[in-house]
Each structure stands twice: as structure tokens, then as C-alpha cells.
Amino acid sequence: MTVSHHLKHFHELPIHEFAPDDTRHRPAAGEVAWRLALEYDAKHGFEELWRSFLQSVDPAGVRALVIGPWWQGGYSPVRVAVEAMAAAADRLPALEAVFLGDVTFDECEISWLEMGDVTPLLTAFPRLASLTVRGSMDLCLLPVRHDRLTSLCFESGGLPATVVRAVSGSELPALERLELWLGVDEYGGDTTLDDLAPFLDGSRLPRLRHLGLQNSEFQDEIAAALAHAPVVARLESLNLSMGVLSDEGAAALLEGQPLTHLRALDLHHHYLTDEMQQRLRQALPGIDLDLTEAEDAGEDDEDRYVAVAE
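Not measured: the values here are computed from a predicted model. (Residues numbered from 1 in each chain as written. Predicted model: local features only at pLDDT ≥ 70, side-chain atom pairs only at ≥ 80, totals over all residues. Heavy atoms only, no water.)

A.B. asks: For the environment of Arg148, give the residues involved together with the corresponding values.
C.D. replies: With respect to the secondary-structure elements, Arg148 resides in the loop between β6 (130–134) and β7 (151–155). On the accessibility criterion, Arg148 (42% relative accessible area) is partly exposed. The sequence separation of Arg148 and Leu267 amounts to 119 residues, and the corresponding C-alpha distance is 29 Å. Sequence-distant contacts of Arg148, that is, excluding residues within four places in its chain, are made with Pro126, Arg127, Leu128, Ala129 and Ala174. (Helix = DSSP H or I, 4+ residues; strand = E, 2+ residues; numbered from the N terminus. Buried < 20%, exposed > 50% of the residue type's maximum accessible area, 1.4 Å probe, protein only. Contact = heavy atoms within 4.5 Å.)

A.B. asks: Go over the sheet that holds strand β12 (residues 288–290) with me, naming the residues and quoting the values.
C.D. replies: Spatially, the 12 strands line up as an open sheet ordered β1-β2-β3-β4-β5-β6-β7-β8-β9-β10-β11-β12, and their pairing is mixed. Single-partner strands in this sheet number two, and they are β1 (9–10) and β12. Of the pairings in the sheet, the one linking strand β5 (residues 97–100) to β6 comprises four bridges and is parallel in character. Residue pairing in the sheet places Ala97 in a bridge with Ser130 of β6. In this fold helix α1 (residues 46–56) packs onto β3 (33–36) and β4 (64–67), with an angle of close to 150 degrees to the strand it touches most, β3. Contacts from helix α6 (residues 219–226) reach β8 (177–183), β9 (210–216) and β10 (237–239), with the element oriented near 155 degrees to β9. (Pairing = 2+ DSSP bridges. Axes fitted to C-alpha atoms, helices over the stretch in contact; angles between N-to-C directions.)

A.B. asks: Any details on helix α5 (residues 193–200)? Residues and values, ideally.
C.D. replies: Among the residues making up α5, those that are buried are Asp195, Leu196, Phe199 and Leu200. The buried residues of α5 occupy an angular sector of 145 degrees when projected down its axis, which confines them to one face. One or two positions beyond α5, positive phi appears at Gly202, with a value near 80 degrees. (Arc of directions from axis to C-beta.)

A.B. asks: Tell me about the side chain of Thr119, and please be specific about residues and values.
C.D. replies: Its location among the elements puts Thr119 in helix α3 (residues 119–123). Ignoring any residue separated from it by four or fewer positions in sequence, one finds Thr119 in contact with Cys140, Leu141, Leu142 and Val144.

A.B. asks: Please set out unusual backbone geometry residue by residue, giving values where relevant.
C.D. replies: Look at Asp138: it is not a glycine, yet its phi comes out positive at around 60 degrees. By the secondary structure assignment, Asp138 is in the loop between β6 and β7. The backbone of His269 shows a phi angle near 60 degrees, a positive value even though the residue is not glycine. Secondary-structure assignment places His269 in the loop between β11 (264–266) and α8 (274–283). Take His269: its relative accessible area is 2%, and that puts it in the buried class.

A.B. asks: Before we move on, can you summarise the packing of α6 against helix α7 (residues 247–255) with the specific residues and values?
C.D. replies: The interhelical angle for the contact between α6 and α7, taken along N-to-C directions, is 5 degrees, at an axis separation of 8 Å. Between α6 and α7, the angle falls in the class roughly parallel. Mapping the contact onto sequence places Asp220, Ala223, Ala224 and Leu226 in α6 and Glu248, Gly249, Ala252 and Leu253 in α7. Residues belonging to the contact of α6 with α7 are distributed by class as follows: five nonpolar, one polar and two charged. (Parallel < 35°, antiparallel > 145°, perpendicular 65-115°, else oblique. Nonpolar A, V, L, I, M, F, W, Y, C, P; charged D, E, K, R; others polar.)

A.B. asks: Tell me what's going on with the nonpolar core, and back it up with residues and numbers.
C.D. replies: Trp50 and Phe154 are the most contacted members of the largest nonpolar core, which totals 88 residues. In this view, Trp50 contacts Leu36, Leu65, Ala84, Met85, Ala88 and Leu92; residues no more than four positions away in its chain are not counted. Counting eight residues, the second largest nonpolar core, distinct from the first, contains Ile15, Ala33, Ala64 and Val66. (Core = buried A, V, L, I, M, F, W, Y, C linked by side-chain atoms within 4.5 Å.)

A.B. asks: Can you tell me about the pairing of β8, naming the residues and giving the values?
C.D. replies: For β8, a buried count of six out of seven residues is recorded, marking the element as mostly surrounded by other parts of the structure. Note on the crossover from β7 through helix α4 (residues 161–168) to β8: the handedness is right-handed. Pairing between β8 and β9: six bridges, direction parallel. Across the sheet, residue Gly183 finds its bridge partner in β9, namely Ser216. With α5 bridging β8 and its parallel neighbour β9, the resulting β-α-β unit is right-handed. (Right-handed = clockwise from strand over helix to strand, strands pointing away.)

Written out as C-alpha cells, the structure reads:
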């Protein structure tokens, strides 16, 4: 699996590509999620595009922003985009959601996306409800307190443990959805089960209802830990997809605490045998159970791979 399509919707809003010269069908500021991206042959950088956006669209009404390729027209680090948005925070009082890095594999592989410190997006926008970041090279996050954030997602082929620890070290009392694409060590994914412990024991994130610990090479160990994790009892949905989950991890889930209260369990891209898939279906009737993208379980663990790496 690779990230091959741009978003069509974000924050329950249709995405509209901002084009400085196209004013014919420009929607009202709050009706869409605005996507800002530079073409590969752009003659200007992100700062110019951002200034044009603020001049062309009423920033006070903007609810959602999607940032695509920001480096065209001459190399520009993501810091430029982050700082530009943060500097305009007082002009964006209605901003509720940011997606940083709506980039497909043909524009840049996910693990080659050069990121940076995304903390300013949280500190500058205290009313932000949703933050999604794609890419993890040089990704940095510092522990913060944010009282409004309800959804946080890091999509990566290798999520640094420092970022995971910053999330667990943050005060996020309103957070309801957390998704971490953990990835592989080759691309910086050095998170361990110990780093995930604060999310599992129920002591953090009191309003969490959806947990995604995905795209991992130690998916069986995560599943075994979740089998007895206090946080599971208050979840509505659980996502363990995209990794190398095998019968061992699925058996641990079934032998642990009840999962029948879940609305959805996503295990797509897995290494489960047909027999184990049938066991899961029989044990979890009425649950939206995603067992698609079944890979060949085989006998050699070394041949198993996560869905998103490079």
C-alpha cells in the first residue's frame, strides 16, 4: 500500500483547491476545507501562496486547511508553512482542523517527507479540534496542553518514539481519537511497547473513544497488550490495521477482555489464517470487523511487511 490519492473530504467538508487566479467558483470560506499546494513548476514559494490565500478568502471564516506539497518553486522546509499559519492565527479564529502533508507517493514517498516541529500548530490555535500530520522525517512535537483537540493522527512509515512520548506527555483532556502509524525502524520508527503504555493503562486521555496503533512490525505484541489494557473498555473503535498481525496476536485479543462492546475493529492488511478469520467473525458478531487485504501468512515471519513504509 502507498498513499496514492489526495483527500476528497476533510473534517466532514469537501476539499477545494485554492487557485489565486480562479475567482469564478470560489466557495464561501467556511463551506470547504481549503487545500493549498504548489505545482511542481511553481514560480513562487509557499509564503506567496499563503499571502494570496489570506487576501482572497475571508480568513475569519476558514474552518479547515489541507496543506499539500509546500516545497515547489525552490526548496522550502515545512517550518515555513507551519510558521506562516501560526503567525496568522489571530486572523483564523474559526480554524478547527489542519491536515499537514496531503502528499501522494508520486509527489514524495511518505518516509521522505521532510517535516519539522509541528508544535506551533497546537500552541497557536487553542480552538483547533483536529490535527493530522503525514510524514515523519525530522518530525518533532513537544508536550503541550490543549483543551479543545479531539482528533490527533500521525501517518508515517516510521514514527519517532520522541513524538509518541510527546503525545503521551501532553495534556489533551478532550481527545477522542488518536491514530499512530508506527512504521518500521529503517525509516525512523523506533517506538516500543513501553512507549505505548501510557495510552493503554487508561491513565491518560480520559475521553478517548477511538485508538489506532497501526502499521507496526510488532502488531502481535500490541494486540497482546491491548487484550488486558484498561483503556479498551471505554473505546468504541479500535484500529490495529496495516501491520503484521498474525494468528498469535488475534488469539491474544480473543482470549483477553471482552471486545463485543466495540462498534468497529479494523484489522485490514493482516497475516491471519482463514481459520483465525472465521474465529474472529464468530466471536465478534455485530461488530464492523474489517479483515480485508489478507496477506499470505506463510511460515517465514521475515517475509511479512507493513502496509506503509517507504
